Structure formats: C-alpha cells, structure tokens
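Structural features, examined
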Amino acid sequence: LVGSDSTNCTQHSGGWSPQVTDRHPWLQLDLRDRIEVTAVATQGRYGGSDWVSGYLLLFSDTGRAWKQYRQEDGVGRFVGNVNADGVVHHKLSHSIRSRFLRFVPLDWNPSGWVGLRVEVYGCAYKSDVADFDGRSSLLYRFNQKSMSTVKDVISLRFKSRQAEGVLLHGEGQRGNYITLELHRARLALYLNLDDTRLRFSSGRVAVTLSSLLDDQHWHSVLIERFQKQVNLTVDTHTQHFRTKGEGDSLEVDYELSFGGIPLPGKPGTFLRKNFHGCMENLYYNGINIIDLAKRRKPQIYSGNVTFSCSEPQLVSTTFLSSSSSFLSLPATLSASGGFAVRFQFRTWNPDGLLLSTRLALEPQRLELQIKIGGVSLKRAQKQHLAVSTGYRVNDGLWHSASLSSRGLQVTMTLDNEPSSTMELGDHMEAGDSLYFGGCPSLNVSGCENPTLAFQGCMRLFSINSQPMDLNLVHQGRLGDYKELQFDTCSIHDRCLPNFCEHGGQCSQSWSCFYCDCSGTGYTGATCHNSIYEASCEAYRLTGSSSGYFSIDPDGSGPLGPTQVYCNMTENKVWTVVTHNSTDPVRVQGSTLQKPYIMKFNYSASPEQLMALVSGSEQCQQEVMYSCRKSRLFNTRDGSPLSWWVDQGGERRTYWGGFLPGVQQCSCSLEENCMDMNYFLLSYKEHLPVSEIVIGDTNRTGSEALYRIGPLRCYGDKSVWNAASFYQESSYLHFPTLRAELSADISFYFKTSAPSGVFLENVGLKDFIRVELSSPVAVTFSFDVGNGPVVLAIKSHVPLNDRQWHYVRAERSVKEASLQVDQLPLRFLEAPSEGHLRLRLNSQLFVGGTAARQRGFLGCIRTLTINGVTFNLEERAKMTPGVSAGCPGHCSGSSSLCHNSGRCIEKNSGYVCDCSQSAYGGPSCKEEVSVSFNRESSVTYTFQEPFSVIQNRSFQASSVYRGNSRARENMAFIFMTTQSPAMLLTVSTFSQQYIAVILARNGSIQIWYHLHVDRRPDVFTPRPSSLADGHLHRIRIHREGKDVYLQDMNLKYSLSSDTEFISIKSLTLGKVTVDTMDEEVMQAGSKGFIGCLSSVQFNHMAPLKAALLKRASSLVRVRGHLVESNCGALADSTIFHSQSGEECRMYSDYTVFLWTIKHFHTLSNTLQSNGCPCSPAGVVSAVVFITLCVVVVMTRFLYQHRQAQRDASIKEKEHRTNLETAYRREAAYQAEPAYRTEFHLHDSHSSTLNDNREYYI
C-alpha cells in the first residue's frame, strides 16, 4: 500500500489520508501479481469526517505507465462516499487484469479532508505470454498440406509499442487469406474467401476497429467466423460483417504466422512490418499456440520469441488544460554553444503550443506550435514564419519532434519527414527555461500562449542528449509544472463508438467530438434530424405547391430520404413514386414454363415504400392490360397463368375492381378482342406492384399488352392523428421508449388548462418528461445519471389559448434542445465527461403520469418519437377518459386557410392568420401585387436573432442556435418586358447572397453564393425570354444541396449544402450594393419595371409588409410603388406556365377541347368497329373543327375587348377594396395579443360586407 506521499501512508485501521500540502494525492495498491479485478469498494476514514466523494481508478502492470479505467459509457469518474462509515460498491462492467491499482481522489468532504479505505474483489489470473521484438514471429504448421474451415474462432490479447505491425497472417494458393494487423494504431482485419481475388489487391475490403492501440496496455481480440458471417471484437467494441465473393470456407496452406509475414525461403525476412510487443492467451480454433511454443512442440517454429513480457520505461505525461497547462525544464547550452531538444507528443487538437524559449535579444522567442493541424516553427515578435508543414499531427498518433541549433541556425525535424532549417538571427539565452505545452499565466520571461496551450500527451524528453526524469519534476526537485497528470496518457477516442448517425463523419478534439453531416440529408449535432419533411402533406402545410420533393418517411429513423412528385390538388395531396417501366410493353411467346417476368425498380427502396404506404390514408396503382388469345387463368382448374407480385413478395391473381383472391379477366379469347382494359389496384397493403408475370402468349396471334403506372398515395395519417384528454387522471400508455443515445419528440397540443404533463417515461433513476409547467411555459426535463437537466421556454403570450402549438424536444449525447412554435430555441450542451445512455424500464405515458397526477387536459396530435408516429386515435378508443380525434374547426385535414395561413379557433367560428402568408383575404387566397418602376425597391430587414439564452439549471453553456436546416422557400409571380432586371436578392452579414435575375436575353438566372472564397452556383432553367409581358410564376425550394424549381419540374445540385447564416435583408427591385458578382450588379442597377405579386421567402411576405407596415423600421421603400391587380389576372385570363408549353383558357376553350375530345373518341369508335373512314368523312371533320375554332376565337376576342373596356373601372374598385382590406389588416395587427393578420369567419359577424361566410 503506497500513497502519493509515502511518508504519510497510515498503517492502522483508520484508513489512508494524505497531507494537506499534497498537490495531487493518490492511493496505490500492489496486488503482488496480475489479478483479474471485478469490483472495488470504498469507505471513509474511520472515526472522522474524512471521505472521498468522487475518484478515478487507474491500473498498471509496472507501477509506472498507468491507464484510466472507464465504465460502459466511457465515464471515468466513480461516485464515492457521502459519509465516513457507509460502503459504496462498484461492480466493474469489464474486469481489469493488472497488478497495480491507483485511486485518485477528485472530490471529498468540504468540511473535512481526504480519507479512504478500499477493498478490491477479484481472482487469480494466469496467462501464457510471448514477447515479440519486431524481428520475430511464431509459425504454426498444419499436419496436412492445407487447412480448409467453414468456422473459425481466434482469440488473443496484446499490448503494442508501435502503431504498425502484423499480428496474424495465413494464406492459400487459391487466393484465400486472412490478415490481422495494426495500422495507425487501429486493428484491421483482411479476409478473403473468394478464390478469384488477388491478395493485397486494390479491391480488398478491410474491416477496421478501435484506435489508440499502441498505448502499451493490454487489449483483447476475438474473431468469430461461420461461413460468410464474421464478428470482430476488440475490447468492448464489436463489428458484424459479411465477406465478399462466392466462397464460404477459408483455405490456408501449410501454416499460420503470428507477429509477422515471413518471406518463404528467406528466414528473418518479412513482407510487412512486424509486431513489436507482447501477446498472451493466443488461441486458434481451441489450440493454445503459445503453450505449444513454450513446450517446443514440432508444429511450432518460434524465431527470437521469448516467453516473458519486457516492460519499456516509456512514461507519458498528460497536459490537461488548453489554457493553463505547462512544463518548464532548465535549458543548458551544450559545449559547442548550441542546444538539442527531442520529445514525442500526441493530441487531437488542431492548435497548441509545443515549445517556447527565449532568444538573447529580447523580446524575441523561438516557438514551435501546432497550427491548423500542422507544425510551424517561428521566431516570435517579428512573425517570421520559417517552417509550416502540411503534415497533419492532430490524429491521435505519437509524433516525434526535434530542434537543434548550431550557430545562428536552427533545424526542425518532424517524424521521418525531411528536416527544415531557418536563420535565428540571434543566439538562445543560456540558462533560460524551455516551456513545453504552454506558458505560465504570470508571463514569465515573456512567454505567452499564441493561441491555446497544448492539450494532449508528451513523453521521452531529451535536452542535449540527456533524458529528463519527470519523477524529479513531480517531486518538485526539477523545473516547474501546472495542470499535468504524470505517469499516464489520458487520451480518449471520442469517435469510438461513432455517435454520428446516418453516415455522418466523426472528428474530435481533446474534450469533445463533432459530426460532419455534409451530403447525408440530415443535420444536428449527431446528424440525427432529417432536413426533409416526412410527406407531401407536410410540405403542403409549409405552403409548398406541386413539384418534386425529397421526403423522409421515417424522419430521424434509419431510412433515408427519397425523391417523389407531390401533386397538390385542391382536395388531396398525391405522392407519386415512379418506377423503371412506365411505358406500354407488348408480350409474345411466353408460356407457364418460360413466363415473361418484369421486375419493377422504384425510385424508393422497398423499406421506404412500405413506410410511405403504411403512413398514407389510401394508395392506388393503375394497371392497363389488354390481350388477344391469352388467358389470365386456366379455365379447367382455375390455376393462374398470369399474375403480379405485391410488396411482400406474395403472388396476386386479382385485378382492379375485385377483392383480393378473385381471379377475373375481361379479355375474350376471340381474335377480334383488343380492348384497352384499365384497372385500379387500391388494396394498399399489397401495393406497390413489384413484379408482373405473363405466361400464356405462345399461340399464333396471341399477345398481351400491359402498362403499370406509378404508385400514387394521398393523405398522411399522422398529421391529424389526435386524442382528447378530458379527465386529469387519464392517460395513454405505450411500450417503453427505446432512446438510449438519442431521442427527438415532437407533437402539437391545444388546451385551456394552466398545466399538465404531455408525456413521461421513467427508469430506476433515469427519466424523461415534457410538460406544460405554467400557462406560458413548456418544460423538457431528463436525467441520464448526471443529475436532472431542465430546459424551459417561456412564451410572451399564453399557451393555454385553445390554439395549436408545436413542441419539439431533443436529447442526444452531444446536446439537448427545446423548441416551441417560432420562439427562440433553447439549447444545452451535454457534459464532455458523463453518462450517455438513457435507461428506462416503465411504460411510456402520454397525457399523464404513472402516479395519475398533473395529467394533461386538452388535445395532442401528431406525436412522433424518433421518426415513429404514435397512433393516438387507436389507443384512445379503448381508454377511459380519452377520446379519439379533437373537436374544433381547425382540427381536421381540410384546408380552411390557404397559402400557409394558420387556422385559429374562435368561440363561434375561426379566423385565418395570414401574417406568414404572401396572400391576404378571409382565407389567405387574395393576391397582393405591386407595380415597380426603374427606381423602385422594397427592402425587408430581418430582425437579429437572440445571441444568448441562459439556463441556470445546468452547468454547461447554453446558447441560442437557429434552425440548422439548410432550407429556403421562395415564391413570386412577375410580369415585365424589361431585361436585364433584378427580381429578388437575399443577402447575409457574411456576404452570402441569393439572387434571381433576368439576364440580357430575358432568361431567368438563379444565383447561390454560399462561400465567399468560391464561385457562385448559377442556374439558367430556360434559355427562352420571360420578359414577354406575360405572368410567370417562380417557386424555388432548397433542401441541403438540392434546389427544386417546382413549376418547371427541375432539380439542380449546389456545390455545398452550407446554410444561409445571419440573413441581413431581402430586396425586391433595384439594388445598389457592390458586394455581388458583376452580372448580378448589372441587373441590380437596372432595377425592375413591371409587376410583382405574392412574394414569399420562408415565413416572410416582404411585399405585403411593404403595404401594411410602411412605418415599420424593418421595411424600407424607395421610389414609386403602385398597388396593382396583376396577380389576380393569373386567375381570370391567360396564365403562361414557365415551360411555355401550357396555355389555359376558361369557358369557350374548355368547350373547344371537349368537342375535339369527343370527336376523336367518335373516330376511334368507328375505327375499332371496323368502319373505314371515307374522304367525305374526313372533309366533314375538318369543316366541323374549323367552325368550332372560328366560333371560339370570335367569342374570346369579344370578351377580351369587353375586359379591356371594364379594366380601368375594376382596377379603381379593386384598389379601393384593397385599401379597405389593408386598413382592416393593419387594425388587426395593432392588437397586442398576436399582432398578426386575421380575417374573421364568424356566423354572428356582419363587418365583412363583401366576404361574408356562414357555417351551419
């Protein structure tokens, strides 16, 4: 038993207590031999007030090189005692096999001092050990020429002194091989069971696991293989994978080698770098290899292998703080007047000071530092950068650095890289100190940290070829130090395991990890949240209209996003998923023995299709099938001859219009039957069609013609899935929430109650809860073992106002956040050292708690947890005190308010809040249009976001962060004859911008400038001119890298998915700033002459704000603006689509199309009945069509002239009505409660003379 101060280790039953002057106390146990330790227990000092409340546990084989024990979550801290007499017992999640243990107190009784009694539980540990010196190996020779196995189990333990080295290798002449080796301190397994592959070829697949395996501590490895399935386990981490190729057995010739790959016929020569370190308990399929070698069995060849593990004295020191750690050692010049310094370091941080020393001519200093991951040597004060390597050193590996001076030159060498030399201009000051890792806070000798102090590990210090003994430093007999941990390297790989989800790339610093979510389609601290909506219905609710969208049916779940077409009609929102064969296909020559088979590959995976179908209200798929002399089933026994296969792989013989299981065909066996038969498959549990099989078209003249349409689904069952709670003691219960590492919870609620628990799930100690804690506050609280964490958001308006409010709470290993409506996000960082897993074991309670107290009264809908939507309605039907659905006008899927208008309940009706819509009117459907001249412009300045929101209930920092999705929605209608022209530009404080312009030729251009140091992305959707005096609608939607032009059905990809940060302003019309590209500036200087209508950017409507809030400081109007009705013309006259190919008229044009259609149908009918078309018939048809055209055009020209005559009168009336409506809207905006734009739908109101609506 040894203490940090050996003179103060008490030997009586009172326990151990260090001196008060001991800077870093610890208690060390020597177990006399390696013991497998399974548990530890602590107790305070007997008869006093001294105890330890928290401590670290370290272990070592030698008593010099120590390693910190970490529990299952990576937590290094052990909870100690709360008094002197109680015993706190900890069972280790994985045992320790070691001789020495060290207890390092972290916290103790504040009213007393450190006092400790310990007890260790375990059992004896025996092992067979082999030592490899980097030039040795063990060869195990088989009894036969080759060994072929379908099952292998290989286990061993090793500790290595190097980051590279082969542990195991075996190969066969037919191309099979297995190699286990260390590469960059990670363990790589190469395995090939396919005879056709070349060993070590570029096509080989390596499975890599773990890291930092060159720490000179024991690590366990287990390889389990059965045929193609392989499990690789390193310490506590396991990876499962399947091998490639056709083979499922491993065939190895002659021998297996351990520790290296010897070159045949050349003893002592190896193909790869050998392993340098120790192995123990090496088993191959139950055979103890080291035991055979120790007993000198003939099947084992042991070259230069010894059977005891040598222990090198490579003792490390950890620099704990990035601001205050340092180590100073005296610098003495050599006899030649120069100096030479060598040391090794490892770190994750991209910046930090490695070494600083003073030159003779003050205040100049020589500094060696890590900068942006590379190493630079410079002479401070003059800022002369002499050496800057692109060689990355913040990779967690050991790197060696050396500096040597001769005369006025200094040479730097990093690892095995070529040396670099620079001129000092001055000598080094004799007798000064060398500062490693940082500088003292007192600015001794002018030493200052350039950026950060070094945070990592260092070892093998040598000054002028003399090794430095850090024990003397620790004892205060040499140099000085601060914030160091001796005899251990406490580096920790925070990317193991990788907590970045959905393919996110993990990187790390010393204290935390980061996830790069670029290109994944997800965002957030751990790439947990999808940047896409879950359905087309969700896009409609955000104000989008028909177009191509990427949807993520399971949100943050494992399924990725897929692209679909969203057809948003007036009544339904259709999701359309296409496949690889939508054209008609003719089939001939197929039999039941050799049938025709077509498999359909959809634009979504089978799992995504299943999620889409199950979440939709209804799905259908159109099938066109016609046949001649072909049967769908055998008339004798009813066996099918043709069929289709559903999503589950089941054969289906029913067709449209019939129930599953009914075999029907409307085709006749007569030769003249060639009817076009259309079927609609609508039993959604069987959709989509994955395959069609046709097996009876082999007779003369026999054929079949089919076409399978795309999958079409409408409705989102989750959006309005709601439950009403009308008893405080009632609740819905669901299975235990499985969200150990991450959980995102979102839902809508409305209530009139002042408080209530939305949901709760508890464990033995852990819990998670979301509740309405007061009429104006929502609280999210949880505990994962680090103490309760509470996030709360307070609203400036009541939340119990019987309106729908949105809540989203998220917790991950990196952070926790809470969002309520559009209020600023509350955000908390998780502690870098703490428990990670949320362990729950009870049921999930929704609308209440297990104690039946503080229950919620009101409605909850669209409850989604980790991408899974909970069916509240189904559970509510069988639960007393809860009913399915939610009463009220605004509780259904019908669109009472359009164009992103928000439905708000009233006692006798509802109102539409159009404040976030570009439209106005009672239902947010009225266009808002303005005419611009060359000097006109409207600039909307965005309010600055909150910078900091404090939450004092948690120790970590709490900062505001906006929605991190890289997403923009833009929409507007314009009409002009001018080019070039500036339509819209959005700029940020960081000189990012988006611009939509008309080029010189009148074509529209979209500019995305997201990186100041890169060229902007420019898209030109159509080369034709849009400066044609017609109305054109533009709708742009961005998700990450994907930009959709929805009216044109086009998709573009940006060069980056960078989000638009700190938006400054949006401008319509003339722009005079000079921070944009030249072509954009030319268009901006020309301004815009014409009409703009219904302008929307995300949730902002700048054009409407310019009309309603001219006195607002957020809106700046320049030039002359005139309210117009050009937007309304889109609904009353001709509307030119962006493609220029569609032209829609009303009334007479519709009659004309109907006439042509029915005449064409008549012609087809005559042809199908075998009636020849005579010349007279053709002439009659032409005359008939010509007369129709003349009549329609004459009527249209008359109506157009009449419209021109009434235009001025109607425009005056329209302007008067607009002014009245805007004054009404402005009055509503003055209301203090919401300050939003309302139009009342009230059966008792009579204030809206022209727009009165009644509901009965």
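I will try to describe carefully the structure that is included in this document.

Rules behind the numbers
- Residues numbered from 1 in each chain as written.
- Predicted model: local features only at pLDDT ≥ 70, side-chain atom pairs only at ≥ 80, totals over all residues.
- Heavy atoms only, no water.
- Helix = DSSP H or I, 4+ residues; strand = E, 2+ residues; numbered from the N terminus.
- Buried < 20%, exposed > 50% of the residue type's maximum accessible area, 1.4 Å probe, protein only.
- Contact = heavy atoms within 4.5 Å.
- Areas by Shrake-Rupley, 256 points an atom, 1.4 Å probe, with all protein chains shown as cover.
- Polar contact = N/O pair within 3.5 Å; in protein donor to acceptor, adjacent residues only side chain to side chain.
- Pairing = 2+ DSSP bridges.
- Salt bridge = Lys/Arg side-chain N within 4 Å of Asp/Glu carboxyl O.
- Phe/Tyr/Trp six-rings, centres within 6.5 Å; stacked < 30°, edge-to-face > 60°.

**Re the overall build of the chain**
Along the backbone of the chain there are ten helices and 84 strands. By residue count, 51% of the 1256 residues in the chain fall in the buried class. Expressed as a percentage of contacts within the chain between residues at least 6 apart in sequence, the contacts between residues at least 24 apart total 69%. Total accessible area on the chain stands at roughly 57900 Å², and carbon and sulfur atoms take up 50% of it.

**Description of the environment of Asp-554**
Along the chain, the position of Asp-554 falls in the loop between β41 (547-551) and β42 (562-568). As for Asp-554 and Thr-869, which are separated by 315 residues in sequence, their C-alpha atoms are 8.5 Å apart. A polar contact of 2.9 Å, which involves the side chain of Asp-554, links it to the backbone nitrogen of Leu-559.

**A few points about the pairing of strand β60 (residues 815-820)**
Counting buried positions along β60 yields five of six residues, so the element is predominantly enclosed. Summarising the sheet, strand β59 (residues 805-811) and β60 pair through five bridges and their orientation is antiparallel. Bridge pairing links Arg-808 to Gln-819 in β60. In this structure, the hairpin formed by β59 and β60 is closed by a connection of three residues. By the bridge criterion, four bridges tie β60 to strand β61 (residues 826-829) in an arrangement that is antiparallel.

**Focus: unusual backbone geometry**
Backbone torsion omega between Leu-687 and Pro-688 reads 0°, so that peptide bond is classified as cis. Position of Pro-688 relative to the elements: it lies in the loop between β49 (677-681) and β50 (691-694). Cis peptide bonds are those with omega within 30 degrees of zero, and the linkage from Ser-979 to Pro-980 qualifies with -5°. Despite not being glycine, Ile-372 has its phi angle at roughly 55°, a positive value. Looking at where Ile-372 falls in the secondary structure, it is placed in the loop between β26 (365-371) and β27 (374-379). Of note, Ser-465 is a non-glycine position whose phi angle comes to about 65°, a positive value. Note that Ser-465 resides in the loop between β33 (456-463) and β34 (466-467).

**As for the pattern of salt bridges**
Throughout the structure, instances matching the rule amount to 38 salt bridges. Glu-833 serves as the salt-bridge partner of Arg-494, at 2.7 Å between the closest nitrogen and oxygen. Within this pair, whereas Arg-494 is found in the loop between β36 (484-486) and β37 (505-508), its partner Glu-833 is found in the loop between β61 and β62 (844-846), the two being separated by 339 residues in sequence. Judged by relative accessible area, which is 12%, Arg-494 ranks as buried. What emerges from the salt-bridge pattern is a single network uniting Arg-34, Asp-61, Arg-157, Lys-159, Glu-280 and Glu-311.

**Observations regarding the packing of aromatic side chains**
For the structure shown, the criterion picks out 38 aromatic pairs. Between Tyr-596 and Tyr-706, the ring centres sit 5.9 Å apart and the planes meet at 55°, which makes this aromatic pair tilted. One end of the pair, Tyr-596, is in strand β45 (residues 596-599); the other, Tyr-706, is in strand β51 (residues 703-714), with 110 residues separating them in the sequence. On the basis of relative accessibility, which here comes to 22%, the residue Tyr-596 falls in the partly exposed class. Seen from their ring centres, Phe-1019 and Tyr-1052 are 4.6 Å apart, and the 20° between their planes marks the pair as stacked.

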